[in-house]
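Remarks on the overall topology
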Amino acid sequence: MDGWTGFKAVVAARPDHPAVLMGDIAVSLAGFYDLTLGLAEGLARRGVGSGDRVVVHLANGIEAAALPLAIWALGAVPVLAPLDLGKGVGAIAQRVGAKVVVSSTLAECADAVVVPPDALRTGNGAFRIGHDALRTGSDGAPNGLIGGSDIGSIVFTSGSTGRPKGVVQRTATLLDGVDRVAQAVGFGAQDRLLVAVPFAHDYGWGQLLALYRLGLTLVVAPPGLSGLPEAVERHRPTVLGGVPSVYAGLTRGVSDLSTRERGSVRLVMSTGSVMPQRVWDDLANLFPTARRCLNYGLTETFRSATLRVADEGLAPTVTGSALPGSALCVVDEAGCVLKPGEWGEIVHRGAGVFEGYWDDPDQTTLRRRIDPVTGQGFAVFTGDRGFLDADGRLTLGDRIDRMVKVMGLAASPAAIEAVLRAVPGVDAAAVVSRPHPILGAELVAVLVLAGDESTLKAAQRAAMALAPHERPRVWRMRDALPMTASGKVDLVRLTADLRDDGPIGPVVSGA
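What you see is a predicted model; the values in this text were computed from it and never measured.

Procedures and definitions
- Residues numbered from 1 in each chain as written.
- Predicted model: local features only at pLDDT ≥ 70, side-chain atom pairs only at ≥ 80, totals over all residues.
- Heavy atoms only, no water.
- Phe/Tyr/Trp six-rings, centres within 6.5 Å; stacked < 30°, edge-to-face > 60°.
- Helix = DSSP H or I, 4+ residues; strand = E, 2+ residues; numbered from the N terminus.
- Buried < 20%, exposed > 50% of the residue type's maximum accessible area, 1.4 Å probe, protein only.
- Core = buried A, V, L, I, M, F, W, Y, C linked by side-chain atoms within 4.5 Å.
- Contact = heavy atoms within 4.5 Å.
- Axes fitted to C-alpha atoms, helices over the stretch in contact; angles between N-to-C directions.
- Parallel < 35°, antiparallel > 145°, perpendicular 65-115°, else oblique.
- Left-handed = near helix turned anticlockwise from the far one by under 90°.
- Nonpolar A, V, L, I, M, F, W, Y, C, P; charged D, E, K, R; others polar.
- 1 Å grid on protein atoms, 1.4 Å probe; cavity = no way out; pocket = protein on both sides within 12 Å on 5 of 7 lines; lining within 4 Å.
- Points joined across faces, edges and corners; volume = space filled by probe spheres on them.
- pLDDT = per-residue confidence, 0-100.
- Pairing = 2+ DSSP bridges.
- Salt bridge = Lys/Arg side-chain N within 4 Å of Asp/Glu carboxyl O.
- Expected span 1.5 Å × (residues − 1).
- Arc of directions from axis to C-beta.

Quick look at the packing of aromatic side chains
- Applying the stated rule across the entire model yields 9 aromatic pairs.
- Look at W4 and Y33: their rings are 5.6 Å apart centre to centre, the planes differ by 10 degrees, and that puts the pair in the stacked class. Of the two residues, W4 is situated in helix α1 (residues 3-13) and Y33 in helix α2 (residues 29-45); the sequence distance between them amounts to 29 residues. Y33 shares its class with W4; the two are buried.
- Judged by centre distance (6.1 Å) and plane angle (65 degrees), the ring pair of W72 and W205 falls under edge-to-face.

Here is the structure:
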């Protein structure tokens, strides 16, 4: 069953069940179905048909939630582009050969029609009668068949560490991933998922797919942190889905969530990066009756691991165990499987493996390789460091491409950041590097402080417990770290600021 047909079955079973709640707007599954048909009609009027690529470049909202499904209804392929790419969306549209770009901010794009979402909702409803016929191309090919592969989505990374990559996933892989996540975390028919990350992020896309596949209600909060507490109190979600930076803002920022009614939340889920211990503890205080669940996965794997109930006491050091249908192993630089407790590259095996990167065969070959355990089928070499314990539980480290050689020795920025974040008064920390004529690389710590100069000195003292090559030599202060739309630190921008030696705060020599 394809995604569109499956959604129609979901609507038929519970037409009056809420699909999306956002501010004053409440849309039932039947209403969401009608909205989807209207958007599909608007796309069809602009020539979109089977196999065409349509770029979606929108902030979270009702139309942004319905558009990928409308694209599926036409047998076309949704291309999800992060908001923070700006004019880079035009380059993505050219790379995928997009027929249409749906955007509220982009004015024009070479070789593609740019349409604001409101302009698509001008149909007269006639599409509803003949939409099934329009889902098939002139050659009678099934939905989304491009080169013999049923492409369900192309999700572009934000490019926080390099050129944005378009991750291609099959529809069947996406829908199966939703089922496996639901099995692992225990989603129920009445669950309401609050979406605190963009739909263009793989985690937000996964939550949107839970609406399409399972009919779960999505609570869509306005952009930024300020609207999340009101959305929690007003729409009473049972599940929160976010990333550590979002939760840090909610628990340690100016959020008033602690004064709001939040007893409906039974599950707090996080993914995207390592969870700081203090934020993990804050979540326990904020949601004392809720289960906390860490997750690990890439856009290239859909979801790799999730935290079991019995292992919650081991978090956040332990991230979780492999999802049903998937498996994890850790390999050395030669690709040989390592024993439990040994650090190496995390490899995702089994269900969830992506089809490749759009127009990037070299990167595809690097990441999508033969399963190192069975020697058959493909696995994803994630580029993340970690280790598995004897029971298969994952401890996550740094990106391999973030590892830095200082004085000829390897240093992990993520490990250093964890030490700095543990210092009271340090709200956020990032460690990057720049070339050094003697050391090879020089580590720079960039901090966001809630305290005064004494907090900086405490952070520097904490760094003295690290090995000499791991100690930052330069310290800089900022009011905030640059972030991508998906809630990760924008390392490219931060490193560029340092390289250009721009005015990003005082420089303090480290010991």
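From this point, things continue past the structure.
Some details on the nonpolar core
- Among the nonpolar cores identified, the biggest contains 92 residues, and F32, L43, F187, W205, L211, Y212 and F287 are the most heavily contacted of them.
- Per element, the largest residue contribution to this core is 10 residues, and it comes from helix α3 (residues 62-73).
- In terms of nonpolar packing, the next biggest core, distinct from the first, is built from 20 residues, V423, A441, L447 and A463 among them.

Observations concerning unusual backbone geometry
- Of the consecutive residues A315 and P316, the connecting peptide bond is found in the cis state with omega at 5 degrees.
- On the secondary structure map, P316 appears in the loop between β15 (305-306) and β16 (318-322).
- In this structure, M407 is a non-glycine residue whose phi angle is positive, near 55 degrees.
- Relative to the helices and strands, M407 is located in the loop between β23 (404-406) and β24 (409-411).

Considering the side chain of E63
- With respect to the helices and strands, the residue E63 is situated in helix α3.
- Every residue in contact with E63, bar those within four places of it in the chain, is listed here: L39, P117, D118 and R121.

With respect to the packing of helix α10 (residues 244-252) against helix α11 (residues 277-286)
- Viewed as axis vectors pointing N to C, α10 and α11 meet at an angle of 60 degrees, and their least axial separation amounts to 10 Å. Considering the angle they form, α10 stands oblique to α11. For the pair α10 and α11, the sense of crossing is left-handed. Two secondary-structure elements touch here, α10 through P244, Y247, A248, T251 and R252 and α11 through R278, V279, D282, L283 and L286.

As for the packing of α1 against α2
- Two elements in contact, α1 and α2, have axes whose closest approach is 9 Å; the angle formed by their N-to-C orientations is 145 degrees. Here the hand of the crossing between α1 and α2 comes out left-handed. In this structure, α1 uses W4, F7, K8, V10 and V11 to contact α2, whose residues at the interface are L29, A30, F32, Y33, T36 and L37.
- Its residues placed into classes, the contact of α1 with α2 shows 9 nonpolar, 1 polar and 1 charged.

As for empty space enclosed by the protein
- Within the structure shown, the criterion is met by 4 cavities of 30 Å³ or more.
- If you add up the space inside the largest cavity, you get close to 110 Å³.
- If you trace the largest cavity, you find it lined by V178, V181, F187, L193, Y203, G206, Q207, A210, V239, M269, F302 and R303.
- Of all the secondary-structure elements, those providing two or more residues to the lining of the largest cavity are α7 (171-185) and α8 (202-214).
- Take the lining of the largest cavity: its biggest share by element is 4 residues, from α8.

Things to note about the confidence of the model for the protein
- Per-residue confidence for the protein averages 87 on the pLDDT scale, and 91% of its residues sit at or above 70.
- When pLDDT is averaged over each helix and strand of the protein, the minimum, 32, is found for strand β7 (residues 145-146) and the maximum, 98, for strand β17 (residues 326-331).
- Across residues 125-149, confidence stays below pLDDT 50; counting only partners more than four residues off in sequence or on other chains, it has 47 contacts.
- Note on residues 502-511: pLDDT is under 50 here. Beyond four places in sequence and across chains, it has 28 contacts.

Observations concerning the pairing of strand β22 (residues 394-399)
- Where burial is concerned, most of β22 is hidden: 5 out of the 6 residues are buried.
- Looking at chain direction, β16 and β22 are connected through 2 bridges and run antiparallel. Following the sheet pairing, G320 is matched in β22 by L394.
- Taken together, the 4 bridges between strand β21 (residues 378-388) and β22 define a ladder with antiparallel strand orientation. Directly across from L388, in β22, lies its bridge partner L394.
- What sits between the antiparallel neighbours β21 and β22 is a turn of 5 residues, in which G392 has the positive phi angle 80 degrees.

Re the pattern of salt bridges
- All told, the structure shown has 25 salt bridges when counted by the stated rule.
- For D391, the salt bridge goes to R393, with nearest N and O atoms at 3.2 Å.
- A residue is classified by how much of its surface remains accessible, and D391, at 59% relative accessible area, is exposed.
- A network of salt bridges, in which partner residues are shared, links D311, D389, D391 and R393.

Structural notes on α8
- Given a rise of 1.5 Å per residue, 13 residues ought to cover 18 Å, and the 18 Å separating the end C-alpha atoms of α8 matches this to within 8%.
- The buried fraction of α8 is high, at 11 of 13 residues.
- Those residues of α8 that sit buried are D202, Y203, G204, W205, G206, Q207, L208, L209, A210, L211 and Y212.
- Of the residues flanking the end of α8, it is G215, one or two places downstream, whose phi is positive at about 75 degrees.

Some points on helix α13 (residues 413-421)
- When we look at burial in α13, the residues that qualify are P413, A414, I416, E417, L420 and R421. Looking straight down α13, one finds that the buried residues subtend no more than 160 degrees of arc, so they occupy a single side.

Quick look at the environment of R493
- Along the chain, R493 turns up in helix α15 (residues 491-499).
- With 44 residues separating them along the chain, R493 and L449 place their C-alpha atoms 20 Å apart.

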